[in-house]
Amino acid sequence: MQYVNKYNLPQYLVDWLTRDDYDHNSDPLTLSATTLMKPVRAYWLTRRHGDNLTVDVSELIASRLGNAIHDSIEQVETPNVSKEQRLSRKLEMGGISYTISGKYDIMVYDESTKKWTIRDIKTTSVWAWIYGGKDEDYRKQLSIYRWLAVATGVELEPVACIDFIFTDWQSQKAKTEDNYPQQRIKAGYKIELLSLEETERYIRERLENFFTFKELPDTQLPLCTKEELWATEDTFAVMKAGAQRATKVCETREEAEIYIRDKQIKTAFVEFRQGKAKRCKYCSAAPFCDQFKRLTEQRLVEYF
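All residue numbers refer to position in the chain's written sequence, counted from 1. Local features in this predicted model are restricted to residues whose pLDDT is 70 or higher, and side-chain atom pairs enter the listing and the counts only when it is 80 or higher, whereas totals over whole chains, interfaces and linings include all residues. Side-chain descriptors were evaluated using all non-hydrogen atoms of the structure, hydrogens and water having been removed beforehand.

Trainee: In this structure, what is going on with the sheet that holds strand β12 (residues 248–250)? I would like to understand it.
Mentor: Hydrogen bonding along the main chain pairs the strands of a sheet, whether they run parallel or antiparallel. Strands were regarded as paired on the criterion that DSSP finds at least two bridges between them. A run of DSSP states H or I qualifies as a helix once it reaches four residues; a run of E qualifies as a strand once it reaches two. Both are numbered from the N-terminal end. Read across the open sheet, the 3 strands follow the order β12-β11-β13; overall the sheet is antiparallel. In this open sheet, the two edge strands, each paired with only one partner strand, are β12 and β13 (268–273). Here the strands of the sheet are splayed against their neighbours by 30° on average, with no regard to which way each runs. Sheet analysis places strand β11 (residues 235–240) next to β12, joined by 3 bridges and oriented antiparallel. Note on definitions: angles span 0 to 180 degrees between N-to-C directions of axes, and those axes are lines fitted to C-alpha atoms, for helices only across the stretch in contact.

The following block contains the structure:
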């Protein structure tokens, strides 16, 4: 990866932003929990072209702020709490030995139950919390951490907790908007984890998906699915002739047509709005991805 300093930030900020303390492993047979969850297309494009990726240092601010919070929490000693431990476990499949790894944020021990609970810290925007819908991703990631930890002999609860820290929280909006989080930190959001059997089955499926397509050229890699793109749902907007904004946005065409009929809006028509991909703007493989290029040309990437 190559860094550029488009906005001429001072060198001390550049050094801070580009500092990378992550314990990378270049072994292609070692995959982390977060790597396993990547789309196959993104995984292989990044592996093949990562050295040619150019990133402006200003784009690293959100990541560094999140890391800074994690680092400062790690410095505090708390009884019955384990922090930031890298776990790994071997998994044989098709005559090949893979290593699955993962680094949990927090594990808390309950002396009454003699079990540990995984907790994960998410530094995020309020918008991502309200509209994100990433519970399934969280479930898979934390289930893999549990699967790894159990192999070390510890007992864990089948429910994990996520502690959200909002980077852009506003007290005034908390007072006036019903679905807005009421505090800057929302702690203890519970996620039911997959069983250990379901987790291992998921890991094996992901490994098979990754390495089945290993030799395919870039343009023949499987396309990211709607779910992998974090695509918003298709909607149907009720528009009035000459108006710039929709009168109402509906989930189905039928709902939109009923609304027009009930409200007796004579100049209204229904405009189909295809869902847009939210993940592409965060994906390091995007510059090398022909699917991203097509979605961009069709104006189906969210930042348009």
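Trainee: Would you explain the nonpolar core in this entry?
Mentor: In a soluble, globular protein the nonpolar side chains are often hidden away together inside. The set of buried Ala, Val, Leu, Ile, Met, Phe, Trp, Tyr and Cys residues whose side-chain atoms join them within 4.5 Å is what this entry labels a nonpolar core. Any residue under 20% of the maximum accessible area for its type is buried, any over 50% is exposed, and the rest in between are partly exposed; the area is computed with a 1.4 Å probe on protein chains only. With 53 residues, the main nonpolar core has Leu 31, Leu 36, Ile 100, Ile 144, Ile 203, Leu 207 and Phe 210 as its most contacted residues. Here this core gets 7 residues from one element, more than from any other, and that element is helix α6 (residues 135–150). Residue contacts are defined here by distance: any two heavy atoms, one from each residue, within 4.5 Å place the two residues in contact. Setting aside residues up to four positions removed in sequence, Phe 210 forms contacts with Leu 31, Thr 35, Leu 36, Lys 38, Pro 39, Val 40, Tyr 43 and Trp 44. By size, the runner-up hydrophobic cluster in this structure holds 8 residues, among which are Phe 236, Ala 256, Ala 268 and Val 270.

Trainee: How should I be thinking about unusual backbone geometry in this particular structure?
Mentor: With glycine set apart, most residues show a phi of negative sign, and most peptide bonds adopt trans. One non-glycine residue, Asn 8, lies in the positive phi region at around 55°. Among the secondary structure elements, Asn 8 is positioned in the loop between β1 (2–4) and α1 (11–18). Given a relative accessible area of 66%, Asn 8 falls into the exposed group. At Lys 114, a residue that is not glycine, the phi angle is positive and equals roughly 60°. Relative accessible area serves as the criterion here: at 52%, Lys 114 is assigned to the exposed category.

Trainee: Please clarify how the sheet that holds strand β9 (residues 159–166) should be interpreted in this entry.
Mentor: A sheet is described by the order of its strands in space; here 5 strands give the open sequence β4-β7-β8-β9-β10, paired in mixed fashion. Strands at the two margins of the open sheet, each flanked by one partner only, are β4 (81–83) and β10 (185–192). Each neighbouring strand pair of the sheet contributes to a mean axis angle of 25°, computed without reference to strand direction. Sheet analysis places strand β7 (residues 106–110) next to strand β8 (residues 115–124), joined by 5 bridges and oriented antiparallel. Bridging across to β8, Tyr 109 finds its partner in Trp 116. The sheet contacts of helix α4 (residues 61–74) involve β4, β7, β8 and β9, and relative to β8 the element is tilted by about 145°. The strands touched by α6 are β7, β8, β9 and β10; relative to β8, the strand with the most contacts, the crossing angle is about 140°.

Trainee: Is there a simple way to think about the pattern of salt bridges in this case?
Mentor: A side chain with one charge can pair with a side chain of the opposite charge if their charged atoms come near. Any Lys or Arg side-chain nitrogen located within 4 Å of an Asp or Glu carboxyl oxygen qualifies as a salt bridge. Scanning the model with the defined rule gives 10 salt bridges in all. Between Asp 290 and Arg 41 there is a salt bridge whose closest N-O contact spans 2.6 Å. Of this pair, Asp 290 sits in helix α10 (residues 290–297) while Arg 41 is found in helix α3 (residues 40–49), placing the two residues 249 residues apart along the sequence. Since its relative accessible area comes to 22%, Asp 290 is described here as partly exposed. When its relative accessible area of 1% is taken as the criterion, Arg 41 is described as buried. The partner of Glu 302 in a salt bridge is Lys 281, with the nearest N and O atoms 2.8 Å apart. Of this pair, Glu 302 sits in the segment after α10 while Lys 281 sits in the loop between β13 and α10, and the two are 21 residues apart along the sequence. Within the structure, one salt-bridge network assembled from shared partners comprises Arg 41, Asp 290 and Arg 294.

Trainee: Mind showing me how you'd approach the environment of Thr 296 here?
Mentor: Within the secondary structure layout, Thr 296 lies in helix α10. For Thr 296, a relative accessible area of 22% puts it in the partly exposed group. Counting along the chain gives 22 residues from Thr 296 to Gln 274, while the straight-line C-alpha distance between them is 13 Å. We define a polar contact as two N or O atoms separated by no more than 3.5 Å, with the added condition that, inside protein, one atom must be a possible hydrogen donor and the other a possible acceptor, whereas residues neighbouring each other in sequence contribute only through side-chain atom pairs. Side-chain polar atoms of Thr 296 contact the backbone oxygen of Phe 292, separated by 2.8 Å.

Trainee: Mind showing me how you'd approach the pairing of strand β5 (residues 86–93) here?
Mentor: Pairing analysis gives 8 bridges linking β5 to strand β6 (residues 96–103), with the strands arranged antiparallel. Across the sheet, Leu 91 pairs through a bridge with Tyr 98, a residue of β6. Counted between consecutive antiparallel strands, the loop separating β5 from β6 contains 2 residues, among which Gly 94 sits at a positive phi close to 60°.

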